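One letter stands for each residue in the lines below.
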Amino acid sequence: MASPIDPERAPEQTSTDPGPAPAPWGPASGVGSLPGTDAAEAIRVVLGELPGMPHLPELPARGAGADLIGRSAALLVDLAVDLTPAGWRLVPRGGIDLRRAQEFLARDLDALHDVAESHRGPLKVQATGPWTLAAGLERERGERAVVDPGARRDLGQSLAEGIGAHVAAVAARVPGAQVVVQLDEPSLPAVLQGALPTASGFGRLPQVEASVVQTELAAVVAAVPGPVVVHCCAHRAPLDLLRAAGADALSFDLGLVQDLDALGTAVEAGTHLVVGVVPGTDAPLPAPKATASRLHAWWRELGFPADALHEAVTLTPACGLAGASPAYARAAMTHVREAARYLLPE
């Protein structure tokens, strides 16, 4: 039991209390990927359009090693991968493909230091989540690692250790950053539903029990330093499972999520919501005020007070913008930043 505060000493005690740390969420951010191949230019665009919560962009147009699986495979500790005609595979010893992925990541960190060293506040980095990574990597024998509990365990531990080193590297280059980690799990619904194809493509892998998925995801979330966002912009995103696995924030496509009970439970539990509100590929954009009005209506339907909305959500595009034109990608980032301003109480 805490000791009672001595009234005569209370001013001294409270004066040294630094108070709670500011929440590591900004009003608007990006999901991850952008078009183009110039890391420094991409970071400059993100800093200009999303200063409240920029992210380290991913540029898959650079080729193998800059893609979703290859980029995160470059983070793995004591595990190696190589690229085969069928995709990325776990191997005893890495080769040129793994070195290329690691070089892309190293160049991005150098560009981040050059362009964003003076940034203060939230800064988001992304990595493939453990289930999507296991679904995207083959074992040496040719089947996906997701079917092998031992391989999944090794991958999860290696990934968490690699993300920890990555966060430290980002913090060293941007000392004023509050680093937030986003785990991308687009394959998670397929894992749960038994919808992943076999290596041959002629069958489907068996579904994995939700309790197993939650337990193994929770182990990685708990091992990653700092706040963790779990992003899933696929249909049937398992929001309750992601929250129960310890995610500090849930990132999803507002147009695909109809489970208001799961969202309401998340908000009541203090889970932050990272809400995708505009498409990830070129499309006509409404006025930012119209997007904000849509968010207000959705928030009312959830049953929460209007003045709590701006602190409970961060706005983003629905998915990564790698498939968009450069002009649209910039417009989408501008849009979510401007829409977030209309969420502020009057």
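If you're wondering where the values come from, they're calculated on a predicted model, not measured in any experiment.

*Asks:* Please explain the environment of Ser118 as it appears in this structure.
*Replies:* In this fold, Ser118 is placed in the loop between α4 (96-116) and β3 (121-128). Its relative accessible area of 61% is what places Ser118 among the exposed residues. Considered as a pair, Ser118 and Ala290 are 172 residues apart in the sequence and their alpha carbons are 34 Å apart.

*Asks:* Hey, could you run me through the environment of Pro24 in this one?
*Replies:* The topology assignment puts Pro24 in the loop between α1 (10-15) and α2 (39-49). On the basis of relative accessibility, which here comes to 16%, the residue Pro24 falls in the buried class. With 99 residues separating them along the chain, Pro24 and Leu123 place their C-alpha atoms 8.4 Å apart. When neighbours within four sequence positions are excluded, Pro24 is seen to be in contact with Met53, Pro122, Gln178, Val180 and Pro227.

*Asks:* In this structure, what is going on with the pattern of salt bridges? I would like to understand it.
*Replies:* Oppositely charged side chains are able to pair whenever their charged atoms sit close together. Tallied over the entire structure, the rule returns 14 salt bridges. In this structure, the salt-bridge partner of Glu41 is Arg44, at a minimum N-O distance of 3.3 Å. Placement of the pair is Glu41 and Arg44 together in helix α2, with a separation of three residues, close to one helical turn. Owing to a relative accessible area of 35%, Glu41 belongs among the partly exposed residues under this scheme. A salt bridge links Arg89 to Glu138, with the nearest nitrogen and oxygen atoms 2.7 Å apart.

*Asks:* Would you take a moment to explain the sheet that holds strand β6 (residues 249-253) for this structure?
*Replies:* Strands pair in a sheet through their backbones, by hydrogen bonds, and they do so in one of two ways: parallel or antiparallel. One open sheet accounts for six strands, arranged β3-β4-β5-β6-β7-β8; its pairing is parallel. Because the sheet does not close on itself, it has two edges, and the strands there are β3 and β8 (313-317). The sheet shows a mean angle of 25° between the axes of neighbouring strands, direction not considered. Here β6 runs beside strand β7 (residues 272-278); their pairing, made up of five bridges, is parallel.

*Asks:* Where do I start with the state of the cysteines in this structure?
*Replies:* What is meant by a disulfide is a covalent connection between two cysteines, made through their sulfur atoms. Scanning the model with the defined rule gives one disulfide in all. The residue that forms a disulfide with Cys233 is Cys319, at a sulfur-sulfur distance of 2.2 Å. Across the disulfide from Cys233 to Cys319, rotation about the S-S bond amounts to roughly 125°, and the bridge is consequently right-handed. Of the two residues, Cys233 sits in the loop between β5 (228-231) and α9 (239-244) while Cys319 sits in the loop between β8 and α13 (326-341), which places them 86 residues apart along the sequence. On the basis of relative accessible area, Cys233 is assigned to the buried category, the value being 17%. Free of any disulfide, Cys232 has its nearest neighbouring cysteine sulfur in Cys233, separated by 6.6 Å. Among the residues examined, Cys232 registers a relative accessible area of 1% and is labelled buried.

*Asks:* Can you walk me through the environment of Gly270 in this structure?
*Replies:* Topologically, Gly270 is positioned in the loop between α10 (260-268) and β7. In sequence terms Gly270 and Asp248 are 22 residues apart; their C-alpha atoms lie 8.1 Å from each other.

*Asks:* Is there a simple way to think about the pairing of β6 in this case?
*Replies:* Of all the five residues making up β6, five are buried; the element is thus mostly covered by neighbouring parts of the structure. With three bridges joining them, β5 and β6 adopt parallel strand pairing. Residue pairing in the sheet places His231 in a bridge with Ser251 of β6. The β-α-β motif built from β5, the intervening α9 and the parallel element β6 has right-handed crossover chirality. Handedness of the crossover joining β6 and β7 through α10: right-handed.

*Asks:* How should I be thinking about the nonpolar core in this particular structure?
*Replies:* In a soluble, globular protein the nonpolar side chains are often hidden away together inside. Core analysis: the biggest nonpolar cluster contains 101 residues, and Phe252, Leu273, Val275, Trp298, Val313 and Leu315 have the highest contact counts within it. With eight residues, the single largest contributor to this core is helix α6 (residues 149-173). In this structure Val275 touches Phe252, Leu254, Leu295, Trp298, Val313, Thr314, Leu315 and Thr316, once residues within four positions along its chain are discounted. In this structure, Trp25, Val180, Ala249 and Val274 belong to the second largest nonpolar core, which totals six residues.

*Asks:* It is not clear to me how the packing of α10 against helix α11 (residues 288-302) should be interpreted in this structure. Could you clarify?
*Replies:* Packed helices, taken two at a time, are described by the angle their axes make and the gap between the axes. In the contact formed by α10 and α11, the axes pass within 10 Å of each other and the chain directions differ by 85°. Considering the angle they form, α10 stands roughly perpendicular to α11. Along the contact surface, α10 presents Leu260, Leu263, Gly264 and Val267, while α11 presents Trp298, Trp299, Glu301 and Leu302. Each residue belonging to the contact of α10 with α11 can be placed in one class, and the counts come to six nonpolar, one polar and one charged.

*Asks:* Could you clarify how one ought to interpret the packing of aromatic side chains in this entry?
*Replies:* Each pair of aromatic rings is reported with the distance of its centres and the angle of its planes. Scanning the entire structure with this criterion turns up two aromatic pairs. Note on Trp298 and Trp299: the rings are 5.9 Å apart at their centroids and 50° apart in plane angle, and the pair reads as tilted. Ring centres of Trp299 and Phe304 lie 5.2 Å apart, and the angle between their planes is 35°; on these two criteria the pair is classed as tilted. Note on Phe304: relative accessible area 18%, which makes it buried.

Rules used throughout
- Residues numbered from 1 in each chain as written.
- Predicted model: local features only at pLDDT ≥ 70, side-chain atom pairs only at ≥ 80, totals over all residues.
- Heavy atoms only, no water.
- Helix = DSSP H or I, 4+ residues; strand = E, 2+ residues; numbered from the N terminus.
- Buried < 20%, exposed > 50% of the residue type's maximum accessible area, 1.4 Å probe, protein only.
- Contact = heavy atoms within 4.5 Å.
- Salt bridge = Lys/Arg side-chain N within 4 Å of Asp/Glu carboxyl O.
- Pairing = 2+ DSSP bridges.
- Axes fitted to C-alpha atoms, helices over the stretch in contact; angles between N-to-C directions.
- Disulfide = S-S within 2.5 Å.
- Right-handed = clockwise from strand over helix to strand, strands pointing away.
- Core = buried A, V, L, I, M, F, W, Y, C linked by side-chain atoms within 4.5 Å.
- Parallel < 35°, antiparallel > 145°, perpendicular 65-115°, else oblique.
- Nonpolar A, V, L, I, M, F, W, Y, C, P; charged D, E, K, R; others polar.
- Phe/Tyr/Trp six-rings, centres within 6.5 Å; stacked < 30°, edge-to-face > 60°.

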